[in-house]
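The chain contents come next:
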Amino acid sequence: MKAFNYNGQRNVSGERIRQARTRQRCTQSDLAARVQVSGVIIERDCISRIENGLRMVQDFELRAIAGALGVTTDWLVGETEEEEK
């Protein structure tokens, strides 16, 4: 699969994932653990690469991350200003 860049990033959600995570005082390891509880296996280094725009995010991963952070997927991708679910 060819990886595409959008404005030099491999995803549009990384910055908002970081914002929601840090607002909750949640570490990358804590977020990875929360996501894994939902059945999606993702490691701390993957969270780091996503937040830095170096890794693409699969749709099922985005849904699990949104659930773990208590935000909507629309907010994570910048579609809405509303953060809460």
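Let us look at the structure shown here. What you are looking at is a predicted structure, and each value in this text was computed from that prediction instead of being measured. (Residues numbered from 1 in each chain as written. Predicted model: local features only at pLDDT ≥ 70, side-chain atom pairs only at ≥ 80, totals over all residues. Heavy atoms only, no water.)

## A short note on unusual backbone geometry
Of note, the phi angle at R25 is positive, near 55°, even though the residue is not glycine. Mapped onto the secondary structure, R25 falls in the loop between helix 1 (14-23) and helix 2 (28-37). (Helix = DSSP H or I, 4+ residues; strand = E, 2+ residues; numbered from the N terminus.)

## A word on the side chain of E61
Relative to the helices and strands, E61 resides in helix 4 (residues 59-69). The buried category is assigned to E61, whose relative accessible area is 5%. Contact partners of E61, with chain neighbours within four places excluded, come to V40, I42, R55 and M56. (Buried < 20%, exposed > 50% of the residue type's maximum accessible area, 1.4 Å probe, protein only. Contact = heavy atoms within 4.5 Å.)

## Some details on the packing of helix 2 against helix 3 (residues 44-51)
In helix packing, the relevant descriptors are the interaxial angle and the interaxial distance, both defined with respect to the helix axes. In contact at an axis separation of 8 Å, helix 2 and helix 3 are set at 110° when each is read in the N-to-C sense. With respect to helix 3, the axis of helix 2 lies roughly perpendicular. Residues Q28, S29, L31 and A32 of helix 2 touch helix 3, and the partners they reach there are R44, I47, S48 and E51. The class makeup of the residues in the contact of helix 2 with helix 3 is 3 nonpolar, 3 polar and 2 charged. (Axes fitted to C-alpha atoms, helices over the stretch in contact; angles between N-to-C directions. Parallel < 35°, antiparallel > 145°, perpendicular 65-115°, else oblique. Nonpolar A, V, L, I, M, F, W, Y, C, P; charged D, E, K, R; others polar.)

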